[in-house]
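As a plain string of letters, each chain reads:
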Amino acid sequence: MPEVIFNGPAGRIEGRYQPAKKRGAPLAIILHPHPQFGGTMNNQIVYNLFYTFVNRGFSALRFNFRGVGRSQGHFDHGAGELSDAAAALDWMQALNPEAKSCWITGVSFGAWIGMQLLMRRPEIEGFMSIAAMANRYDFSFLAPCPSSGLFVHGSEDRVAPVKEVMAVIEKVKTQKGIQIEHTVVEGANHFFDGKVDVLMEQVGAYLDRMVGPEIPKEEREAQEQE
């Protein structure tokens, strides 16, 4: 998995990028939790989401927002981080001009950033928002929501309680042609401590329905040797 550095609005951005072997493969960008509370691209959920997409034939990118790891700049309360995410998508599209679609996935703070990017970029055709902090951040911009997607929460999330995001979901899921799904991981807290495997099972089941199952390991290894 290559380490990459690309230019962002505040300077250098550090990431990990895995290109697909198939030309025209869809793109996936995974956004990490809050930078001021230890969120990085190496977060366990972000790492697992990254490979969930890679194993389904996506070109996938995870990166550190400004001021995190080797990414330059300083925390900007969301505005700058949204610009970082847009720059990441631009970078991926420049590398993959034949890609027809993109998925955006965010965890906690990253979910808020990801949903804002979704509103600005019509090529994003699917999303997953994990532990979206609807009690801390305004999600009213999701009206209308332009793409179908999945919200996932832990039943014991005290940081971003399920009932808070339900109001957002109820508002957007009635739109014609848009299917918003919501699943709850029983017993999971905001960080899915001890429940990451269950989370990934639910995420994987959703992607199975939307984009198809994982490519068998033998087939992936054969592609890598070509």
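Computed from a predicted model, the values in this text were never measured in an experiment.

1. Some words on the overall build of the chain
Next, step 1: Along the chain, the regular secondary structure elements total 6 helices and 8 strands.
Next, step 2: N-terminal to C-terminal, the α/β element order of the chain is β-β-β-α-β-α-β-α-β-β-α-β-α-α.
Next, step 3: Taken over C-alpha atoms, the radius of gyration comes to 16 Å for the chain, in line with the 17 Å a tight globule of 226 residues would show.
Next, step 4: Principal axes of the C-alpha set define a box for the chain whose edges measure 50 × 40 × 35 Å.
Next, step 5: Taking the intrachain contacts of the chain between residues at least 6 apart in sequence as the baseline, contacts between residues at least 24 apart amount to 68%.

2. Topic: the packing of aromatic side chains
Next, step 1: Applying the stated criterion to the full structure yields 16 aromatic pairs.
Next, step 2: An angle of 80 degrees between the planes, with centres 5.1 Å apart, marks the rings of F50 and Y51 as edge-to-face.
Next, step 3: Taking the relative accessible area as the measure of exposure, F50 reaches 0% and is therefore buried.
Next, step 4: A residue is classified by how much of its surface remains accessible, and Y51, at 25% relative accessible area, is partly exposed.
Next, step 5: Ring geometry for F75 against F109: centres 6.0 Å apart, planes inclined by 50 degrees, an arrangement best described as tilted. Pair noted here: F75 is in the loop between β4 (59-63) and α2 (79-95) and F109 is in helix α3 (residues 109-120), with a separation of 34 residues, a long-range link. The pair F75 / F109 is uniform in exposure class, with both members buried.
Next, step 6: By the ring-pair criterion, three or more aromatic residues cluster together here, those being F6, Y17, F63, F65, F75, W91, F109, W112 and Y137.

3. Re the environment of F53
Next, step 1: Looking at where F53 falls in the secondary structure, it is placed in helix α1 (residues 44-54).
Next, step 2: For F53, a relative accessible area of 0% puts it in the buried group.
Next, step 3: For the pair formed by F53 and P144, sequence separation is 91 residues and the distance between their alpha carbons is 26 Å.
Next, step 4: Residues in contact with F53, not counting those within four places in the same chain, are A28, I30, F58, A60, W103, T105, M128 and L207.

4. As for the packing of α1 against helix α5 (residues 196-210)
Next, step 1: Direction vectors running N to C along α1 and α5 enclose 30 degrees, while the axes themselves pass 11 Å from each other. Between α1 and α5, the angle is such that the two are roughly parallel. Where α1 crosses over α5, the two elements pack in a sense that is right-handed. Contacts from Q44, I45, N48, L49, T52 and F53 in α1 reach V196, L199, M200, V203 and L207 in α5.

5. Describing the state of the cysteines
Next, step 1: Applying the stated criterion to the full structure yields 0 disulfides.
Next, step 2: Summary of cysteine pairing: C102 is not part of a disulfide, and the nearest cysteine sulfur, belonging to C145, is at 14 Å.

6. Observations regarding the packing of α2 against α3
Next, step 1: At a closest axis distance of 9 Å, the pairing of α2 and α3 adopts a crossing angle of 60 degrees. Here α3 runs oblique to α2, going by the angle between their axes. Classified by chirality, the crossing of α3 by α2 is right-handed. Between α2 and α3, the residues in contact are E81, L82, A85, A86 and L89 and F109, I113, Q116, L117 and R120, respectively.
Next, step 2: Of the residues contributing to the contact of α2 with α3, the split by class is 7 nonpolar, 1 polar and 2 charged.

7. Here we look at the pairing of strand β2 (residues 11-18)
Next, step 1: Of all 8 residues making up β2, 6 are buried, and the element is well covered by its neighbours.
Next, step 2: As defined by bridge partners, strand β1 (residues 3-8) adjoins β2 across 6 bridges and the pair is classed as antiparallel. If you follow V4 over to β2, its bridge partner there is G15.
Next, step 3: Turn length for the β1-β2 hairpin, with the two strands adjacent in sequence and antiparallel, is 2 residues.
Next, step 4: As defined by bridge partners, β2 adjoins β4 across 4 bridges and the pair is classed as antiparallel. From the neighbouring strand, R16 faces β4, where its bridge partner is R62.

8. Let's talk about the sheet that holds β4
Next, step 1: The strand order across the open sheet formed by 8 strands is β1-β2-β4-β3-β5-β6-β7-β8, and the pairing between neighbours is mixed. Across the chains shown, the open sheet's two edge strands, defined by having one partner strand only, are β1 and β8 (180-185). If you compare each strand with its neighbour and ignore which way they point, the axes differ by 20 degrees on average.
Next, step 2: Strand contacts of α1: β2, β3 (27-31), β4, β5 (102-107) and β6 (124-130), with the helix running at about 165 degrees to β4, the strand carrying the most contacts.
Next, step 3: Against the sheet, α5 touches β5, β6, β7 (148-154) and β8, its axis set at about 160 degrees to β8.

What counts, and where the lines are drawn
Residues numbered from 1 in each chain as written. Predicted model: local features only at pLDDT ≥ 70, side-chain atom pairs only at ≥ 80, totals over all residues. Heavy atoms only, no water. Helix = DSSP H or I, 4+ residues; strand = E, 2+ residues; numbered from the N terminus. Rg over C-alpha atoms; globule rule 2.2 N^0.38 Å. Contact = heavy atoms within 4.5 Å. Phe/Tyr/Trp six-rings, centres within 6.5 Å; stacked < 30°, edge-to-face > 60°. Buried < 20%, exposed > 50% of the residue type's maximum accessible area, 1.4 Å probe, protein only. Axes fitted to C-alpha atoms, helices over the stretch in contact; angles between N-to-C directions. Parallel < 35°, antiparallel > 145°, perpendicular 65-115°, else oblique. Left-handed = near helix turned anticlockwise from the far one by under 90°. Disulfide = S-S within 2.5 Å. Nonpolar A, V, L, I, M, F, W, Y, C, P; charged D, E, K, R; others polar. Pairing = 2+ DSSP bridges.

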